[in-house]
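Architecture at a glance
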Amino acid sequence: MSDSVRKALQEPEVSIKFRPVQWGALLRQFDVEWPERPVTDAEVSEVCRSQIKALASRIPASSADEHQRWVLALFLWSQIWGYGTNGYGPHRVERILGGTTRRAPVIAAEEALAKCHEALMRSGPVEAYRVMANEHWVPGLGPAFLTKFLYFAGYHKGQSCKVPDGLAPLILDAVVSRAIRKEYQLTFGPGWGTRRYMEYLEFMCREARERYGVEPDQLERALFVVGRQPSVR
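Every value quoted in this text rests on a predicted model; they were computed, and no experiment measured them. (Residues numbered from 1 in each chain as written. Predicted model: local features only at pLDDT ≥ 70, side-chain atom pairs only at ≥ 80, totals over all residues. Heavy atoms only, no water.)

What follows covers the side chain of Ser78. Inspection of the secondary structure assignment puts Ser78 in helix H4 (residues 64-83). Judged by relative accessible area, which is 0%, Ser78 ranks as buried. With sequence-adjacent residues up to four places away left out, Ser78 is seen in contact with Ile52, Lys148, Phe149 and Phe152. (Helix = DSSP H or I, 4+ residues; strand = E, 2+ residues; numbered from the N terminus. Buried < 20%, exposed > 50% of the residue type's maximum accessible area, 1.4 Å probe, protein only. Contact = heavy atoms within 4.5 Å.)

Here it is as structure tokens:
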């Protein structure tokens, strides 16, 4: 067991700071109310994983319009969490949500995200990733932030979505990829295709439960901590 990973696994989760005023226009357009919703009337606020998972658990499966509205709120909060206080985050997310898919039939990003969520709930994270990457790719939404959305959508309440393959949806960004390369001499990314994402999920599920005795997202969070260390480049 890697000492750096073991140490990171013992660290408590930290909340992500963000500036609500930067996200004001998007929050007014796409946000919904739920009991665990972060404070948005402060200059600087915080959001943690458990709050966004709580939002995911409340997405209704009723009408298509209502389902899509809550999925868009979940996507927005997954991006707020991902960008934190980076000032360019709102502009990028606004462009994504205002865009359309590149491949025929062309649909709005809002519909594409709803279809991605449906695929996740029905068939699991690998299929949801494939749907978004191959059928409904939205310019500007790369693997790092797509997998953040998949993670929060399918890993709410600490449990992976109940799917045949049993794989938990996990975040795969450059920081996690860098840590895996250092700790395991394996490469996941850049240019992550669907098969590569599946291999990553399989590796993380096996490594987390068999080697460390933790949930896959606990290992992902620990690897993110390791990947941010100055010595890991």
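Read on for the rest.
This structure, assessed with the given rule, holds 11 aromatic pairs. For the pair Tyr129 and Tyr197, a centre-to-centre distance of 4.5 Å together with 15° between the ring planes defines the contact as stacked. Here Tyr129 is found in helix H7 (residues 125-135), whereas its partner Tyr197 is found in helix H10 (residues 194-212), with 68 residues between them in sequence. Residue Tyr197 is classed as buried on the basis of its relative accessible area of 1%. Following the ring pairs from residue to residue traces out a cluster consisting of Trp23, Tyr83, Tyr88 and Phe145. One cation-aromatic arrangement involves Lys148 over Phe145; the distance from NZ or CZ to the ring centre is 4.5 Å. (Phe/Tyr/Trp six-rings, centres within 6.5 Å; stacked < 30°, edge-to-face > 60°. Lys NZ or Arg CZ within 6 Å of the ring centre and 35° of its normal.)

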